[in-house]
Amino acid sequence: MKSQSFAFRLPPSMVMAALASAWTPLWATDGDEVFAQVDDVVITRDEFEREVYSSARQTFYHGRPPSAEEFVEFRRDVADRLIDRKLLLLEAKRRDLEPDRAGIDARIASYEARYGDTERWQSEGPQMVAALRARFEEDGLIEVLEADVRTVAAPAPDDLRDFYSANPDLFTEPAQNRVRVILLGVPPSAEAPVWQAARDEAERIMERLRDGGSFEELARLHSSDQSADQGGDMGYLHSGMLSPVAEEAIAQLAAGEITEPIKVLEGMAIFQLTERKAEELQEFMNVRDRAEELWKRQRGEQQWKDLVAELRAETRVNVDTDYLASIPGYAQ
C-alpha cells in the first residue's frame, strides 16, 4: 500500500456520524475478525468499515464512489490513513505525550449541550461520551505529536538566503493591470430585450469616448460598479480577478486604450487599461520574515513526512489484502 503523510482524522461535523455508525449495522461483516495489525495493535474489520463509512459520507455526495473500482481504491486510501493513525498513536505513547484533557472535557460538554435532549443521547449517552472521549484523546495525542515534530528552529542566515534564491516564484509579485470600468448592470436572468438595451447604451457611451469623452466622468455618470465614485478605477488587478474574456481583451490594450463593450456576468462592461505592471521579484529584506515562515513550514512538513515514513519502515504492519480488495454491501 502507498504511504500517507498524515493521520486519519474526522472533522467535527462527521464525529457524530462516526459514532452513530458504531451502533448502526452497515452491512453483514465478521466485525471481530482482524483486518490489519500494526505492531501489537489490532484493527478489526468492524473498525475499518466504520472508518470507510464515515469517510465516504464526508467525501461523496451519495456516500460512496460511483464505481466498484473507485470504491476499492478509496478503501485502500482509508486503510493507509487508518494505519498511519495507529502508527502515530504508538509513537505519541512512546514519547509519553498527553492530550489537552481540559480541551477534551470542553468539547464533550458542547456535544452534551447540543445533543443531550435527543432520544438517542438519553438512551446511549454514556457509550457515546466514552466513544467521544476516546476519539478526542487520540486526536489530541496526534495533534501534540504533530506540533512537536513540525516545530523547527530558525534557519541560519545563509540557509534562508539560499531558500529565497532557490524559490523566486514564492517571492515574485505577479503582473498586474490597473483598470477602469464602466459597468452597465444587468441581472443575469434578465430577458433579451434588457441585455439589448444595455448593449445599445454601451455603444452610445463608446461613441462619446471615441469623440474624446472622459472615461472617468462617464464612469461616474453611468457605471453601476462600486468603483464609479472613483471614476471607475478598480485598482491593480492580477490574473484571475476578471472574467477570461475581459482579461483577454485587456491583454491586447496599451495604456490608455479601451475595450469594446464586453458581456460579463454582471452586465455590459467597457474597460480601460491605465497602467501595466510587470511581475517583480521582491527584495530579500522586504520578504525575509515571510521567507523564514515558509522555510519553517516546509521543513516542518518534511520532518512530519519523514516520521511517518520511518514508522512505516520500522513497524510490523500486516493487512488482509483480500478483504481490503472486497467491497461488502456495495451495490451498483
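Reference entry: report on the structure contained in this document. (Residues numbered from 1 in each chain as written. Predicted model: local features only at pLDDT ≥ 70, side-chain atom pairs only at ≥ 80, totals over all residues. Heavy atoms only, no water.)

1. Here we look at the pattern of salt bridges
Here is step 1 of the chain: In total, this model carries 28 salt bridges according to the counting rule given.
Here is step 2 of the chain: In this structure, Arg45 and Asp320 form a salt bridge, with 3.3 Å as the shortest nitrogen-oxygen distance. Of this pair, Arg45 sits in helix H2 (residues 45–59) while Asp320 sits in the loop between strand S9 (317–319) and helix H11 (321–324); the two residues are 275 residues apart in sequence, bridging distant segments of the chain.
Here is step 3 of the chain: Judged by relative accessible area, which is 14%, Arg45 ranks as buried.
Here is step 4 of the chain: Each of Glu91, Arg94, Arg95 and Asp148 takes part in salt bridges that share partners, so that together they form one network. (Salt bridge = Lys/Arg side-chain N within 4 Å of Asp/Glu carboxyl O. Helix = DSSP H or I, 4+ residues; strand = E, 2+ residues; numbered from the N terminus. Buried < 20%, exposed > 50% of the residue type's maximum accessible area, 1.4 Å probe, protein only.)

2. Topic: the packing of aromatic side chains
Here is step 1 of the chain: The final tally for this structure, using the stated rule, is 9 aromatic pairs.
Here is step 2 of the chain: Ring centres of Phe60 and Phe74 lie 5.0 Å apart, and the angle between their planes is 70°; this geometry places the pair in the edge-to-face category. A residue pair is termed long-range when its members are at least 10 positions apart, and Phe60 in the loop between H2 and helix H3 (68–94) and Phe74 in helix H3 qualify at 14 residues.
Here is step 3 of the chain: A residue is classified by how much of its surface remains accessible, and Phe60, at 22% relative accessible area, is partly exposed.
Here is step 4 of the chain: Look at Tyr111 and Phe136: their rings are 5.8 Å apart centre to centre, the planes differ by 45°, and that puts the pair in the tilted class. (Phe/Tyr/Trp six-rings, centres within 6.5 Å; stacked < 30°, edge-to-face > 60°.)

3. Focus on the environment of Ala134
Here is step 1 of the chain: Counting through the fold element by element, Ala134 comes out in helix H5 (residues 119–150).
Here is step 2 of the chain: By relative accessible area, Ala134 is classed as partly exposed at 41%.
Here is step 3 of the chain: When the C-alpha atoms of Ala134 and Ile104 are compared, they prove to be 9.7 Å apart, with 30 residues separating the residues in sequence.

4. Some points on unusual backbone geometry
Apart from glycine, the bulk of residues carry a negative phi angle, and the bulk of peptide bonds sit in the trans form.
Here is step 1 of the chain: One non-glycine residue, Asp39, adopts positive backbone phi at about 60°.
Here is step 2 of the chain: Positive phi is not limited to glycine here, since Asp96 has a value of about 55°.
Here is step 3 of the chain: Here Asp96 is to be found in the loop between H3 and helix H4 (101–115).
Here is step 4 of the chain: When its relative accessible area of 66% is taken as the criterion, Asp96 is described as exposed.

5. Side note on the packing of H3 against H5
Here is step 1 of the chain: Where H3 meets H5, the closest approach of the two axes is 9 Å, and the angle between their N-to-C directions is 70°. The angle between the axes of H3 and H5 places the two elements in the roughly perpendicular class. On the side of H3, the interface is formed by Arg85, Leu88, Leu89, Glu91, Ala92 and Lys93, while H5 contributes Arg135, Glu138, Asp139, Leu141, Ile142 and Leu145.
Here is step 2 of the chain: In terms of residue class, the contact of H3 with H5 is built from 6 nonpolar, no polar and 6 charged. (Axes fitted to C-alpha atoms, helices over the stretch in contact; angles between N-to-C directions. Parallel < 35°, antiparallel > 145°, perpendicular 65-115°, else oblique. Contact = heavy atoms within 4.5 Å. Nonpolar A, V, L, I, M, F, W, Y, C, P; charged D, E, K, R; others polar.)

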